[in-house]
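So you can see what is in the structure, the chains are spelled out below.
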Number of protein chains: 4
Amino acid sequence: MGKGRIEAFSDAVLAIIITIMVLEMKSPRDAALSALRPLAPVFLSYVLSFLYLGIYWSNHHHLLYVTRRISGAIMWANLHLLFWLSLVPFVTRWMGESRFARGPTMLYGVILLLAAMAYLLLQHAILLEEGAGSTLAAAVGSDWKGRVSLLTYAVAIPLALLRPWIAGVLYAFGALLWLVPDRRIERQVSRARQEVGTAGER
Amino acid sequence: MGKGRIEAFSDAVLAIIITIMVLEMKSPRDAALSALRPLAPVFLSYVLSFLYLGIYWSNHHHLLYVTRRISGAIMWANLHLLFWLSLVPFVTRWMGESRFARGPTMLYGVILLLAAMAYLLLQHAILLEEGAGSTLAAAVGSDWKGRVSLLTYAVAIPLALLRPWIAGVLYAFGALLWLVPDRRIERQVSRARQEVGTAGER
Amino acid sequence: MGKGRIEAFSDAVLAIIITIMVLEMKSPRDAALSALRPLAPVFLSYVLSFLYLGIYWSNHHHLLYVTRRISGAIMWANLHLLFWLSLVPFVTRWMGESRFARGPTMLYGVILLLAAMAYLLLQHAILLEEGAGSTLAAAVGSDWKGRVSLLTYAVAIPLALLRPWIAGVLYAFGALLWLVPDRRIERQVSRARQEVGTAGER
Amino acid sequence: MGKGRIEAFSDAVLAIIITIMVLEMKSPRDAALSALRPLAPVFLSYVLSFLYLGIYWSNHHHLLYVTRRISGAIMWANLHLLFWLSLVPFVTRWMGESRFARGPTMLYGVILLLAAMAYLLLQHAILLEEGAGSTLAAAVGSDWKGRVSLLTYAVAIPLALLRPWIAGVLYAFGALLWLVPDRRIERQVSRARQEVGTAGER
């Protein structure tokens, strides 16, 4: 199975998710600039979700870059990830419109957690295909970022019911953690290339 | 005619259909988590439709993978399939918002039935181009899944007017039936490759 | 300049236009099937526009298939076509919701006319690049379909203000005219290939 | 890292942004053609934004065409540009619906300015990768258009608070400036090719 179509489909879904969120930001009826002030929490939650979806797109890009074969399991693990991400606009809007109220802020974290677990599942399904000696296996390594993310969300979710703003800060931290694209894979790819190059020179 | 563009167009349409459905799930005005409860049927119908569209995307992917030539008939059969699938968000929303009422639940089945028939038509149009001795013809074989699906919908549609929940269960069954991607095609492709390989060795 | 991206962008825009139209069909509040009856004109105008956009996608596909170079003029002629097509959801909704009232039905024809003229302009821009002896020039030939379409819309537009249903029938006729994909180009391509083949044999 | 996916993702996002704007133009409830008159400013702001997004797509296309390597910085600079462009539908709607009121017209300019700066940042990130002797470096040259654009927006933003229509004219001027696609890159590409050709002949 070609991986071109799974990339194209995921790109399209992520692009749509990232873009329709802005549809939820209703322009104010009032023409004064002060009418923007109540939109601040909506805008903030939009920025946060844009970051997260950008991160998912970037990591997904790196992950599939080193994938050579697409099995049925990978296909469904990918759709499963897209399912949880497709709920991001819903929770973004709710969290923003409720001005980071307890319930919506908690639910936002739950969706982040489920999406992160779905990503790990996809990574696992790909590793099963690629094998333990693959470029990807070396690149992922101990995957401390993945673990710290899960921990962050797991801590933020109950905190959201007490102090929603702390949960918000933790979500932002979880995004910043990933902002730097996954260098591990880039490094492994160039290392693999160098080895091939060295082997070729001998 | 290149099949790249027909794949790209179908991917885009399916990605949009699968994603805009979530726009229909209006976030509650109330900020309490209990405000999510009335959304349960809307969410359930979203999950069901997400599954169905994922299945259509996956099967479409497999089907076009073994297609070598795109005729005008294939192009229009494909658009015809996309037409019925484009109505899925409409019936999903209606079924969910009416909390699986009789009429909307029946209509949902009608759209599933029409989409399934459109898929068979597309498969038929491709088989006409590829010929009886093609990889696809061997892969499709008796197509029992296609037949069972049609039967399931045909049974569920009248039942929806009596017991909508039975129809709902049948729709879910129709989805689970297809969840495993079409192994027949994968098997035939690898068999065809082996034969080519064996022939090459001789 | 690669034509891959202009195709991908046009595919995405057309896929979105064709799909968001269904968002306009609001599901009825009532759960009875009879609640669908008032939607009939909305559905009818949706089917008509789906057909037209499918035709434009198909013809656009054929047109770019024989295009070898993308100039700046082609790029902008393409965006110009997409602009008029992007207004189709607006007029579709208005015509449907007004139940084919005079004004909206007339405006629908105006948009069809402007889109058809934009398509001819794009074809012209491509012909300028490809030259009079190109495959495309031979394929387009006298372009009677393009002329009959323009005439149909030009007749339908004023008629819409007297008898909107006649305009509606003419729009449907204009779509059926194009339903058969542009065989001229297919024929020319295969003829060109045969000539190359014959030349190669000599 | 392949640049195919960054192009595909950007194409999809730009296609969606350009298309969902038309969703904001609500079709009038009244069926009379005169009901279109109040929509004039909404339509005008739509045309302006369509032009700008078309220009961004076209320039983005040219820019990535001469890019050979995608670094992490380029990926994020690209997402940053898409972020500001994703806000265009929001400000377009607000400016249109407020009939070019002072505040919204000013905000429109601010978004144009931020998007223009994000584009320069992306160009800069690519130049860093490509190096000073690259085709792109020669093509961009003094980049007077980029500078004039920034100046235009910087002048228009404060003016919007005094005479919004002057700001509107300046925005239109800023678009017309870019309407001609970036010939500098086309010229450099063909010059680079000629040099390669001449070098080959020697």
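Residues numbered from 1 in each chain as written. Chains lettered and ligands numbered in written order. Predicted model: local features only at pLDDT ≥ 70, side-chain atom pairs only at ≥ 80, totals over all residues. Heavy atoms only, no water.

Participant: Explain the relation of the copies chain C and chain D to me, please; I cannot follow it from the model alone.
Facilitator: Superposition of the two copies of the chain requires a rotation about an axis together with a shift along that axis. Superposing chain C onto chain D takes a rotation of 90 degrees plus a shift of 0.0 Å along the axis, which leaves an RMSD of 0.0 Å. The operation mapping one copy onto its partner corresponds to a four-fold rotation axis. Relative to the rotation axis, the closest C-alpha in chain C is found at Ala12 of chain C, a distance of 4.3 Å. Taken together, the interface assignments show that only 6% of the residues at the interface of chain C recur at the interface of chain D, consistent with different surfaces on the two copies. (Least-squares fit on C-alpha atoms with pLDDT ≥ 70 in both. Contact = heavy atoms within 4.5 Å.)

Participant: Sorry if this is basic, but what is going on with the interface of chain C and chain B here?
Facilitator: When the parts of a complex come together, some accessible area is lost, and that lost area is often taken as the interface size. Chain C puts 39 residues into the contact, and the matching count from chain B is 32 residues. In total, chain C and chain B occlude about 3,100 Å² of area from one another, counting both sides; carbon and sulfur atoms represent 76% of this. At the junction of chain C and chain B, the tally comes to two salt bridges. One salt bridge connects Asp11 of chain C with Arg5 of chain B, and the closest N-O pair in it is separated by 2.7 Å. At the boundary of chain C and chain B, one finds six residue pairs in polar contact (both at pLDDT 80 or more). Going through the elements one at a time, α1 (4-20), α2 (40-65) and α8 (164-179) of chain C are the ones with two or more residues in the side of chain C that touches chain B. Among the elements that line the side of chain C that touches chain B, the one with the most residues is α2 of chain C, at 14 residues. (Buried area = accessible area lost by both parts, 1.4 Å probe. Salt bridge = Lys/Arg side-chain N within 4 Å of Asp/Glu carboxyl O. Polar contact = N/O pair within 3.5 Å; in protein donor to acceptor, adjacent residues only side chain to side chain. Helix = DSSP H or I, 4+ residues; strand = E, 2+ residues; numbered from the N terminus.)

Participant: What exactly am I supposed to notice about the packing of helix α5 (residues 102-130) of chain B against helix α8 (residues 164-179) of chain B here?
Facilitator: Two measures define how a pair of helices packs: the angle their axes make with one another and the distance between the axes. Residue and element names in this part refer to chain B. Direction vectors running N to C along α5 and α8 enclose 25 degrees, while the axes themselves pass 9 Å from each other. In terms of axis orientation, α5 runs roughly parallel to α8. α8 is crossed by α5, and the crossing has left-handed handedness. Contacts between α5 and α8 involve Arg102, Thr105, Met106, Tyr108, Gly109 and Leu112 from the first element and Pro164, Ala167 and Tyr171 from the second. Among the residues making up the contact of α5 with α8, the classes are represented as six nonpolar, two polar and one charged. (Axes fitted to C-alpha atoms, helices over the stretch in contact; angles between N-to-C directions. Parallel < 35°, antiparallel > 145°, perpendicular 65-115°, else oblique. Left-handed = near helix turned anticlockwise from the far one by under 90°. Nonpolar A, V, L, I, M, F, W, Y, C, P; charged D, E, K, R; others polar.)

Participant: How should I be thinking about the interface of chain C and chain D in this particular structure?
Facilitator: If you look at the interface, chain C gives 32 residues, while chain D gives 38 residues. Roughly 3,100 Å² of surface becomes buried between chain C and chain D when both sides are summed, with 76% attributable to carbon and sulfur atoms. Our count for the chain C to chain D interface comes out at two salt bridges. Our count for the contact surface shared by chain C and chain D stands at six residue pairs in polar contact (both at pLDDT 80 or more). The set of elements that each furnish at least two residues to the side of chain C that touches chain D consists of α1, α3 (72-86), α4 (88-97) and α5 (102-130) of chain C. With nine residues, α1 of chain C is the largest single contributor of residues to the side of chain C that touches chain D. Of the residues contributing to the side of chain C that touches chain D, the split by class is 23 nonpolar, five polar and four charged.

Participant: Looking at this structure, how should I read the packing of aromatic side chains?
Facilitator: Centre-to-centre distance and the angle between the planes together describe a pair of aromatic rings. Scanning the model with the defined rule gives 36 aromatic pairs over all chains in all. Plain terms: the ring middles of Tyr46 of chain B and Phe50 of chain B are 6.0 Å apart, the flat faces sit at 65 degrees to each other, and that makes the pair edge-to-face. Separated by four residues within a single helix, Tyr46 of chain B and Phe50 of chain B lie in helix α2 (residues 40-65), roughly one turn from each other. Comparing Tyr46 of chain B with Phe50 of chain B shows no difference in burial state: the two are buried. When the ring of Tyr108 of chain B is compared with that of Tyr171 of chain B, the centres are 5.4 Å apart and the planes differ by 45 degrees; the resulting orientation is tilted. Pair noted here: Tyr108 of chain B is in helix α5 and Tyr171 of chain B is in helix α8, with a separation of 63 residues, a long-range link. Of the aromatic side chains, those joined through ring pairs into one cluster are Phe43, Tyr46 and Phe50 of chain A together with Phe83 and Trp84 of chain D. (Phe/Tyr/Trp six-rings, centres within 6.5 Å; stacked < 30°, edge-to-face > 60°. Buried < 20%, exposed > 50% of the residue type's maximum accessible area, 1.4 Å probe, protein only.)

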